[in-house]
Amino acid sequence: MAELKRKVTIRRKEAPVEKKKPKLWLWLSLAVVVIVGVVLIAKNYSSDKTDSNLIAETEQATAKANEIIADVQSGNVNYEDAKAKVAEAQNTVDEAKANAKTEEEKQAVAEAQTKVDAAVKTVEASKPSTQPLETDKTVTPEQGVASTTPVETSTAVQATSEKAVANTSKDAKSPTDKPNTTATSAPAVYVPEGTLEQKAKQVIRGNFGNGAERKRALGSEYNAIQSKVNEMYRNGEVK
Amino acid sequence: MDEVTLKPKVTLRRKGESAPFTFNEKLQIEMVWSTETDLDLCVFWKTKDGQEGGVFSNEYRQNNDDMGTLDKFPFIKHSGDEKAPRPGGESNEQIKVKSIDTLSELFIVVVNYEAAIDNKNVTFNEHKGRVEITTDTGDNFEVPVDDERSGHVYIVCKIENGDAGKKAINKGEVITLGQAFQQIPGFKLICN
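Residues numbered from 1 in each chain as written. Chains lettered and ligands numbered in written order. Predicted model: local features only at pLDDT ≥ 70, side-chain atom pairs only at ≥ 80, totals over all residues. Heavy atoms only, no water.

Undergrad: Which parts of the structure should I look at to understand the overall build of chain B?
TA: When you go through chain B residue by residue, the secondary structure sums to two helices and 13 strands. In chain B, which comprises 192 residues, the share counted as buried stands at 53%. Put simply, chain B shows about 9,400 Å² of open surface, and 43% of that area lies on carbon and sulfur atoms. (Helix = DSSP H or I, 4+ residues; strand = E, 2+ residues; numbered from the N terminus. Buried < 20%, exposed > 50% of the residue type's maximum accessible area, 1.4 Å probe, protein only. Areas by Shrake-Rupley, 256 points an atom, 1.4 Å probe, with all protein chains shown as cover.)

Shown next as structure tokens:
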């Protein structure tokens, strides 16, 4: 007896094609490749990405160093406080240096270190000569007695700070016109010539020493000239 | 310009009634029915060199080639299986023919699939079905599928492609699967 074939509904246009079973090893290989790729990309991305916090820390250290230099030069801070602040800034730079990975981070750390080195020199230069030198490594014996010896040649600070010293001294001091900054002998009161701004610039150059020494040197004009010095720092006229 | 006249629609009502026809490249066979029954329109043939074949729903053998093609032999194409129409509506299946030059005879057949599978005792006249044949030369025939005898296979009509031309003949035969297997060339393709 004839029997009709049973129909099977075909929903697709094309004839049913037997599906090939996906090869497990192929999928595993693909998965491994994808995972490795993702890991490599993530690693590369993380190593290339600049740490904004680290950059910010170096900028803070640089700002602090500038502030210290300004305070020291304007006589608004004593030696011990300035030294403590410099140490704090140096710690910040050291920490950033340890964590710096990218070129941008290393560059920022180097700039901060330069500025901190300059602050160190400025602070050390302001050290009262009546006090015993705490860091013989940083100041040569000549500096205590020979007031005309340039800072660049009298200090033995780290090699990396040489450039900073040069930069700082270019604006602030001249090896030849630097007055005696020691307190071994009280300088005579000398009123600089010129306008108030010219007088302030001489003060900024370091012609009249720091702190009490400067106050004595400028005598009655100290307040006016110092105010001008402070104003110039505030206005960013002094680099 | 010659006046174009539409040929009148011819209804082959009686068994044995025939009508000649011509077509160039388009002949359409369409079955329409309105009951909730799965009827299948099929065309089976015998070629001039004696080979048998057919076009029918691809669901019998899960093979799209069974629906044929117009681009190459058999130059006949089934539109696809249509199940029962929605209530109140009509369902239809179509078969398009581009050429029958290599065929000697064709059988237009309707299978009541559900009844055949379930071996139900049914008749075709309850489905209000009909087969319409139209050609690109204006011939238009209608053959009712309304025989009252019970059976699962309805041979609606036979097309003869002889030296004298093409001719559609109302066969009006309701037969069993076994009889169809024996009598209709190519019918065995949809049988186990």
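Okay, back to it.
Undergrad: Looking at this structure, I do not really get the packing of aromatic side chains. What am I missing?
TA: The geometry of an aromatic ring pair is captured by the separation of the ring centres together with the interplanar angle, meaning the angle of the planes. All names here are of chain B. Counted under the stated rule, the structure contains eight aromatic pairs over all chains. Summarising the aromatic geometry, the rings of Trp45 and Phe73 are spaced 6.0 Å apart at their centres and angled 85° between planes, so their arrangement reads as edge-to-face. Of this pair, Trp45 sits in strand β4 (residues 39-47) while Phe73 sits in the loop between β6 (68-69) and β7 (76-78), and the two are 28 residues apart along the sequence. Ring geometry for Phe56 versus Tyr60: centroids 6.2 Å apart, planes at 80°, classification edge-to-face. When its relative accessible area of 0% is taken as the criterion, Phe56 is described as buried. Judged by its relative accessible area of 3%, Tyr60 falls in the buried class. An aromatic cluster is present here, built from Phe44, Phe56, Tyr60, Tyr113 and Phe187 joined pairwise through their rings. Geometry around Phe181 places Lys188 over its ring, the cationic atom sitting 5.9 Å from the centre. (Phe/Tyr/Trp six-rings, centres within 6.5 Å; stacked < 30°, edge-to-face > 60°. Lys NZ or Arg CZ within 6 Å of the ring centre and 35° of its normal.)

Undergrad: Whenever I open this one, unusual backbone geometry confuses me. Can you help?
TA: Residue and element names in this part refer to chain B. For the bond running from Phe73 to Pro74, omega is 15°, close enough to zero to count as cis. Relative to the helices and strands, Pro74 resides in the loop between β6 and β7. Phi is positive for Asn119, close to 55°, though the residue is something other than glycine. In this structure, Asn119 sits in the loop between α1 (113-118) and β10 (129-135). Not every positive phi belongs to a glycine, and Lys128 is a case in point at roughly 50°. When you line up the elements, Lys128 lands in the loop between α1 and β10.

Undergrad: Can you walk me through the packing of helix α8 (residues 196-205) of chain A against helix α10 (residues 222-234) of chain A in this structure?
TA: Axis angle and axis distance: for two packed helices, these are the angle between their axes and the distance between the axes, and together they describe the pair. Residues and elements named next belong to chain A. Put simply, α8 and α10 touch, their axes get as near as 8 Å, and they point 75° apart. Our classification of the angle between α8 and α10 gives roughly perpendicular. On α10, the residues that touch Leu196, Glu197, Lys199, Ala200, Lys201, Val203 and Ile204 of α8 are Ala224, Ile225, Lys228, Val229, Met232 and Tyr233. When the residues that make up the contact of α8 with α10 are grouped by side-chain class, the tally is nine nonpolar, no polar and four charged. (Axes fitted to C-alpha atoms, helices over the stretch in contact; angles between N-to-C directions. Parallel < 35°, antiparallel > 145°, perpendicular 65-115°, else oblique. Contact = heavy atoms within 4.5 Å. Nonpolar A, V, L, I, M, F, W, Y, C, P; charged D, E, K, R; others polar.)

Undergrad: Before we go on, may I ask you to explain the environment of Thr122(A) in this structure?
TA: Residue and element names in this part refer to chain A. Its location among the elements puts Thr122 in helix α4 (residues 103-125). Along the primary structure Thr122 and Lys83 are separated by 39 residues, whereas in three dimensions their C-alpha atoms are 9.8 Å apart. At 2.8 Å, the side chain of Thr122 and the backbone oxygen of Ala118 are in polar contact. (Polar contact = N/O pair within 3.5 Å; in protein donor to acceptor, adjacent residues only side chain to side chain.)

Undergrad: Help me out: how do you make sense of the pairing of strand β2 (residues 18-21) of chain B in this one?
TA: For a regular strand, the rule is simple: side chains alternate between the two faces of the sheet. Residue and element names in this part refer to chain B. Only one face of β2 is covered, namely the one carrying Ala19 and Phe21; the face carrying Ser18 and Pro20 has none of its residues buried. Here β2 runs beside strand β13 (residues 165-175); their pairing, made up of four bridges, is antiparallel. Opposite Pro20, over in β13, you have Lys167 as the bridge partner. (Pairing = 2+ DSSP bridges.)

Undergrad: Would you mind showing me how to read the sheet that holds strand β12 (residues 153-162) of chain B here?
TA: Strand pairing within a sheet occurs via backbone hydrogen bonds; the two strands may be parallel or antiparallel. Residue and element names in this part refer to chain B. Pairing is antiparallel in the open sheet, where six strands are placed in the order β2-β13-β12-β9-β4-β5. Where the open sheet ends on each side, the last strands, each with one partner, are β2 and β5 (52-55). Mean inter-strand twist for the sheet, computed between neighbouring axes without regard to direction, equals 25°.

Undergrad: Looking at this model, I keep getting lost on the sheet that holds β10(B). Mind explaining?
TA: Taken together, seven strands build an open sheet; the order of strands is β1-β11-β10-β3-β8-β7-β6 (chain B) and the sheet is mixed. Only two strands of the sheet have a single neighbouring strand rather than two, namely β1 (10-11) and β6 of chain B.

Undergrad: It is not clear to me how the packing of helix α2 (residues 52-74) of chain A against helix α3 (residues 79-99) of chain A should be interpreted in this structure. Could you clarify?
TA: Residues and elements named next belong to chain A. Direction vectors running N to C along α2 and α3 enclose 160°, while the axes themselves pass 9 Å from each other. On the basis of the axis angle, α2 is roughly antiparallel to α3. The interaxial crossing formed by α2 with α3 has left-handed handedness. Contacts from Leu54, Glu57, Thr58, Ala61, Lys64, Glu67, Ile68, Asp71 and Val72 in α2 reach Ala82, Lys85, Val86, Glu88, Ala89, Thr92, Val93, Ala96 and Asn99 in α3. In the contact of α2 with α3, the residues fall into nine nonpolar, three polar and six charged. (Left-handed = near helix turned anticlockwise from the far one by under 90°.)

Spatial relationships are all this shows, so hold off on functional conclusions.
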